[in-house]
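Residues per chain are reported as follows:
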Amino acid sequence: MVKRSLIGGVTGVLIAAAVPATANAVDSIDWQPCPNGEGAQCATIEVPLDWSRPDGAKTKIGLAKRPAKDQANRIGSILVDPGGPGGSGVSMVANADPFTEAVTARFDVVGFDPRGINTSEQLLCDETLSQQALDARRPTSQAEFDNLVSLNKQLIDSCRAHSGELIDHVDNLSTARDMDAIRAALGEEKLNYVGYSYGSLMGQQYAELFPGRIRAMVNDGNMDHSLPTAWDFMRTETEPVEVAFREFAKWCDTTETCALHGQGTAKVYGKLKGRAKAGTLTNPATGDPIGFYELSQRMFSVTRPVVWGSVATELKKLQDGTGTTSAATLEAAAAIKNPYPPIWCSDWRYPVKNFAEYDKLRRKLSAKFPNMEWSPYVDHALTCAGNPLKTTNPQKPLRIKGAPPLVMVGNVHDPATVYQWNRTAAKQSGSHLITYEGWGHTAYGNDGPSPCVNEAVDAYLLDLKVPQKGLSCPATETPGSSSSARALNPRSPRPYQR
């Protein structure tokens, strides 16, 4: 996943969001040059804090825009969000052109920061509690599970103390209504939107609420907001990592240049995993222990075929006890600007009532996926253990009626928003699914892996040409083509963000 830095200091005249959809309101937004964003313009608008009380308190939403390069043939504005929860559309647009040259020529590209994030009114939480709650999401006893529940509650209480009523209004339905306010403020009769990862949920639920206000919508890397149980979530998130490991092992066992060729890759990893669980696996350069979770986080790199050669080399170093492996920097401490837990808990409820239930789920994962046993994404299921915040937007199947043709993009080997989720969301919404047969998380854009995907999405955005039914684009990755020294990246992947 691409990590994007945040920018701050955006200023602008605050305007009411309830601008009529037919108004020529684009000039009423006070666009100013973005700090550290060459060629981009930034601003803010106001929207109701609580959409059920539109005349009540307001909250601020940050925007960034890159004007269409061919203004004479400009089609309109296209709104974009990179996902998260916590990703910044302002940073995404201020830092670079996210789309192809064909699209940026004809559209003003507008990124937004969902409520609580970056240049919008920020949802602040206690830094220490944020890190403690992250660290506690892998309990090994009922006492540790109880501690997690307590930390989750303390964290949400700290968010409320720092951020007031905002914490009760950060669900995705509120964000979808904010998107319609942005559309109106831009003076657009119809919305053009590209949502990545968690931003796909924003698009899906916008289409439920405002199906008649869409010109074109592309959701790339789709969430499945109908997954009913913690097991469904954990199982679907772990399966692609297990599949990736098997593909890696098959490649290594049949490729003479692989460092583990002839040794049985799965067997080697199984022994290393056993040592990690027993506490006897160490970093050969430092002597520091490498436990199961650190090893598993490192092995998450099997979801990137280009670094399979380096993954095998580092596994051999661990096996032989010699050489220098990648530095082991575990998940970075959460910043005090940590909107993820309240947003996630507003949108998802996966009750896991005690340690016995959690332990049963983890044992089922190990039995079903014996090589990897776990994915870092599994931990998200315990973000809301103990129900510390009301889930105001709980899971349910999509119900979209009256929308124009919609497009979704899904990667077969996506380890985050897994392909099964994309198929389900496309079926429920009636969207035209473009399948990318390759790897990675999301596919469309100026740095995307697939010209085939880009061409199909461009034709849809520019000319409303719907992709052919069942369009499938071939993988472009070459296994083992990178010699990156940091193949085994031990950081946990971020939530659902491009």
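Keep in mind that this is a model prediction, so the values were computed, not measured.

A.B. asks: Please provide a residue-by-residue account of the overall build of the protein chain, values included.
C.D. replies: Across its full length, the protein chain holds 14 helices and twelve strands. Residues classed as buried in the protein chain amount to 57% of the 498 residues present. Within the protein chain, contacts between residues separated by at least 24 positions form 79% of all contacts whose residues are at least 6 apart in sequence. Carbon and sulfur atoms provide 50% of the accessible area of the protein chain, an area that totals close to 19100 Å².

A.B. asks: Describe in detail the pattern of salt bridges, supporting the description with residues and values.
C.D. replies: Taken as a whole and judged by the stated rule, the model has 21 salt bridges. Among the salt bridges present, the one from K277 reaches E373, with a minimum N-O distance of 2.9 Å. With K277 in helix α8 (residues 265-278) and E373 in the loop between α12 (355-368) and β9 (407-413), this residue pair connects regions lying 96 residues apart in the sequence. Of the charged contacts, one joins K353 and E357 as a salt bridge, the two residues approaching to 3.5 Å between their closest N and O atoms.

A.B. asks: Can you break down empty space enclosed by the protein residue by residue, with the values?
C.D. replies: Applying the stated criterion across every chain yields a total of three cavities of 30 Å³ or more. P114, I117, T175, M202 and I343 are, among the 14 residues lining the largest cavity, the residues nearest its centre. For the lining of the largest cavity, the secondary structure elements donating two or more residues are α5 (172-185) and α6 (198-209). Here the lining of the largest cavity is built from residues that sort into seven nonpolar, five polar and two charged.

A.B. asks: Just give me the short version of the state of the cysteines, but keep the residues and values in it.
C.D. replies: Scanning the model with the defined rule gives five disulfides in all. Note on cysteine connectivity: C252 is disulfide-linked to C258, with sulfurs 1.7 Å apart. Across the disulfide from C252 to C258, rotation about the S-S bond amounts to roughly -55 degrees, and the bridge is consequently left-handed.

A.B. asks: Describe the nonpolar core, listing the residues and the values that go with them.
C.D. replies: Grouped burial of nonpolar side chains is what soluble globular proteins tend to show. Ranked by internal contacts, the top residues of the largest apolar core, which has 76 residues, are F233, F248, M299, W344 and Y496. Filtering out sequence-adjacent residues up to four positions away, F248 remains in contact with T265, M299, V302, W308, V311, A312 and L315. Listed in part, the 32 residues of the second largest apolar core include C34, V93, A443 and V457.

A.B. asks: I'd like to hear about the sheet that holds strand β6 (residues 107-113), residue by residue, with values.
C.D. replies: Strand pairing in a sheet is mediated by backbone hydrogen bonds. Such pairs are either parallel or antiparallel. Pairing within the open sheet is mixed, and its ten strands lie in the order β1-β2-β3-β6-β4-β7-β8-β9-β10-β11. Of all strands in the sheet, those bounded by a partner on one side alone are β1 (32-33) and β11 (472-473). Bridge count for β1 against strand β2 (residues 41-48) is two bridges, and the pairing is antiparallel. Along β2, the bridge assignment pairs P33 with Q41. Across the sheet, helix α14 (residues 451-463) is in contact with β4 (76-81), β6, β7 (191-196), β8 (214-220), β9, β10 (432-439) and β11; its angle to β8 comes to roughly 160 degrees.

A.B. asks: Please give an account of the environment of E121 that cites residues and values.
C.D. replies: Checked against the element boundaries, E121 lands in the loop between β6 and α3 (127-135). Between the C-alpha atoms of E121 and G62, which are 59 residues apart in sequence, the distance is 8.1 Å. Within the structure, the side chain of E121 is placed 2.7 Å from the side chain of T59, a separation counted as a polar contact.

A.B. asks: Explain the side chain of T435 to me, and be specific about the residues and the numbers.
C.D. replies: Along the polypeptide, T435 turns up in strand β10. Engagement of the side chain of T435 in a polar contact is seen with the side chain of Y419, the distance being 2.6 Å. In this view, T435 contacts G410, V412, Y419, L471, S472 and C473; residues no more than four positions away in its chain are not counted.

A.B. asks: Can you lay out the pairing of strand β3 (residues 58-66) for me, pointing to particular residues and giving the numbers?
C.D. replies: Summarising burial for β3: seven of the nine residues are buried, a large majority. Relative to β3, β2 runs antiparallel, the two sharing eight bridges. By the bridge assignment, V47 is partnered in β3 with T59. Of the pairings in the sheet, the one linking β3 to β6 comprises five bridges and is antiparallel in character. In the strand pairing of β6, R66 is matched with V109.

A.B. asks: Go over helix α4 (residues 142-163) with me, naming the residues and quoting the values.
C.D. replies: Helical geometry: 3.6 residues make up each α-helical turn, so side chains three or four residues apart lie on a common side. Compared with the 32 Å implied by 1.5 Å per residue over 22 residues, the 31 Å span of α4 between its first and last C-alpha is a close match. Its buried side turned inward, α4 meets α3, α11 (340-347) and α12.

A.B. asks: How would you explain the confidence of the model for the protein chain if you had to name every residue and give the values?
C.D. replies: Confidence in the prediction of the protein chain, expressed as mean pLDDT, is 91, and 90% of residues score 70 or more. Below a pLDDT of 50 lies the segment residues 1-27, which in the model reaches 72 contacts outside its immediate sequence neighbourhood of four places, other chains included.

The rules behind these values
- Residues numbered from 1 in each chain as written.
- Predicted model: local features only at pLDDT ≥ 70, side-chain atom pairs only at ≥ 80, totals over all residues.
- Heavy atoms only, no water.
- Helix = DSSP H or I, 4+ residues; strand = E, 2+ residues; numbered from the N terminus.
- Buried < 20%, exposed > 50% of the residue type's maximum accessible area, 1.4 Å probe, protein only.
- Contact = heavy atoms within 4.5 Å.
- Areas by Shrake-Rupley, 256 points an atom, 1.4 Å probe, with all protein chains shown as cover.
- Salt bridge = Lys/Arg side-chain N within 4 Å of Asp/Glu carboxyl O.
- 1 Å grid on protein atoms, 1.4 Å probe; cavity = no way out; pocket = protein on both sides within 12 Å on 5 of 7 lines; lining within 4 Å.
- Points joined across faces, edges and corners; volume = space filled by probe spheres on them.
- Nonpolar A, V, L, I, M, F, W, Y, C, P; charged D, E, K, R; others polar.
- Disulfide = S-S within 2.5 Å.
- Core = buried A, V, L, I, M, F, W, Y, C linked by side-chain atoms within 4.5 Å.
- Pairing = 2+ DSSP bridges.
- Axes fitted to C-alpha atoms, helices over the stretch in contact; angles between N-to-C directions.
- Polar contact = N/O pair within 3.5 Å; in protein donor to acceptor, adjacent residues only side chain to side chain.
- Expected span 1.5 Å × (residues − 1).
- pLDDT = per-residue confidence, 0-100.

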